[in-house]
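Descriptive analysis of the structure
The primary structure of each chain is shown beneath.
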Amino acid sequence: TMSNTNSPAGRIMLKNVRLAFPNLFEPSTVAGEGEPRYSAAFILPTDHPQIKEIQAKIKAVATEKWKDKADAQITALNKTGKVALHDGDEKPQYDGFPGNMFISASAKVSARPTVIDANKSPLTERDGKPYAGCFVNVSLDFWAQDNAYGKRVNAQLRGVQFLRDGDAFSAGRPADSDEFEAVTEGADADDIA
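This structure is a prediction, so every number in the text was calculated from the model and none was measured.

Tallying secondary structure elements over the protein gives 3 helices and 7 strands in all. Across the protein, helices and strands are ordered from the amino to the carboxyl terminus as β-β-α-α-β-β-β-β-β-α. Pairs at least 24 residues apart make up 68% of the contacts formed inside the protein by residues separated by at least 6 positions. Of the roughly 11900 Å² of accessible surface on the protein, a fraction of 50% belongs to carbon and sulfur atoms.

For the rest of this paragraph, the subject is the nonpolar core. In this structure, Phe42, Ile54, Ile103, Leu140, Phe142 and Leu157 are the most contacted members of the largest nonpolar core, which totals 40 residues. Elements with a minimum of two residues in this core: strand E1 (11–30), strand E2 (33–45), helix H1 (51–66), helix H2 (70–79), strand E4 (100–108), strand E6 (135–147) and strand E7 (150–164). Sequence-distant contacts of Phe142, defined by excluding residues within four places in its chain, comprise Gly10, Ile12, Ile54, Lys57, Ile58, Val61, Ala84, Ile103, Asn154 and Ala155. Ranked by size, the runner-up nonpolar core spans 7 residues in total, among them Ala20, Ile43, Ala132 and Phe169.

Turning our attention to the pairing of E6. The buried fraction of E6 amounts to 10 of the 13 residues, a majority that puts the element mostly inside the structure. Where E1 meets E6, 6 bridges bridge the pair, whose relative direction is antiparallel. Among the inter-strand pairings, Arg11 is bridged to a residue of E6, identified as Asp141. The sheet contact formed by E6 and E7 spans 13 bridges and is antiparallel. Bridged to Val136 within E7 is Phe162. With antiparallel pairing between neighbouring strands as the criterion, E6 and E7 make up a hairpin whose turn holds 2 residues.

A few words now on the packing of H1 against H2. Where H1 contacts H2, the two axes come as close as 8 Å, and the packing angle between them is 115 degrees. Crossing of H1 over H2 shows right-handed handedness. Residues Ile58, Lys59, Ala62, Thr63 and Trp66 of H1 touch H2, and the partners they reach there are Ala70, Asp71, Gln73, Ile74 and Leu77.

What follows concerns the pairing of E4. Across 9 bridges, E2 lies against E4 in antiparallel orientation. Note that in E4 the partner of Tyr38 across the bridge is Ala107. Pairing of strand E3 (residues 85–87) with E4 involves 3 bridges; the strand directions are antiparallel. Among the inter-strand pairings, Leu85 is bridged to a residue of E4, identified as Ile103.

Attention shifts here to the confidence of the model for the protein. Residue-level pLDDT values for the protein average 88, and 85% of them are 70 or greater. Across residues 186–193 the pLDDT falls below 50, and counting only partners more than four positions away or on other chains, this stretch makes 3 contacts in the model.

The peptide bond linking Lys129 to Pro130 adopts the cis configuration, its omega dihedral lying at -5 degrees. Tracing the backbone through its elements, the reader meets Pro130 in the loop between strand E5 (114–116) and E6. One non-glycine residue with positive phi stands out, namely Phe21, at about 50 degrees. Note that Phe21 resides in strand E1. Despite not being glycine, Lys120 shows a phi value in the positive range, around 75 degrees.

Moving on to H1. With 16 residues, H1 extends 22 Å between its outermost C-alpha atoms, agreeing within 8% with the 22 Å of an ideal straight helix rising 1.5 Å per residue. Turning to H1, its buried residues are Ile51, Ile54, Ile58, Val61, Ala62 and Trp66. Angular distribution of buried residues about the axis of H1 spans 115 degrees; they occupy a single face of the element. In H1, the exposed residues that point more than 90 degrees away from the buried face are Lys52 and Glu64. Positive phi shows up at Lys67, right after H1, with a value of about 50 degrees.

What counts, and where the lines are drawn
Residues numbered from 1 in each chain as written. Predicted model: local features only at pLDDT ≥ 70, side-chain atom pairs only at ≥ 80, totals over all residues. Heavy atoms only, no water. Helix = DSSP H or I, 4+ residues; strand = E, 2+ residues; numbered from the N terminus. Contact = heavy atoms within 4.5 Å. Areas by Shrake-Rupley, 256 points an atom, 1.4 Å probe, with all protein chains shown as cover. Core = buried A, V, L, I, M, F, W, Y, C linked by side-chain atoms within 4.5 Å. Buried < 20%, exposed > 50% of the residue type's maximum accessible area, 1.4 Å probe, protein only. Pairing = 2+ DSSP bridges. Axes fitted to C-alpha atoms, helices over the stretch in contact; angles between N-to-C directions. Left-handed = near helix turned anticlockwise from the far one by under 90°. pLDDT = per-residue confidence, 0-100. Expected span 1.5 Å × (residues − 1). Arc of directions from axis to C-beta.

Here is the structure:
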């Protein structure tokens, strides 16, 4: 008999990846379309130690779904960007993406991802982390989709653990007060007014 403690074929705990476009506390729609979702992208260098494991998980779920056609299906889906693991050079306009790989992941409103600190305590939006540009550990389930909406290999976002600070990506955080110069009384203040 099989026990229920076996994790799904596509489950992975990714360590030390950079967070981008975090949408972890409030579900939202992409470009106002579809159902609201929790979502994020996770950036990893091309030499990240878990790349081969990620590719193996993608192959495992594709093989479960498409059997002996899995390799051909993955090749075709990669050409159209329909596999959750992407080449960061596809998004040259965004900080941190070029020269790296990234995984896009999402979760339905009914499956809000766990968001915790390094010590496993729960985080809320008010905590200001995790933020775009920080480093996180992330739990994902890769799964193969083959339905009316098409064929893809997706990543379900299960949980994010803040690992350590990183340079915040643009639009990630408000300006720091020391970026500004003091406005002195007199001529300078008048020039601004």
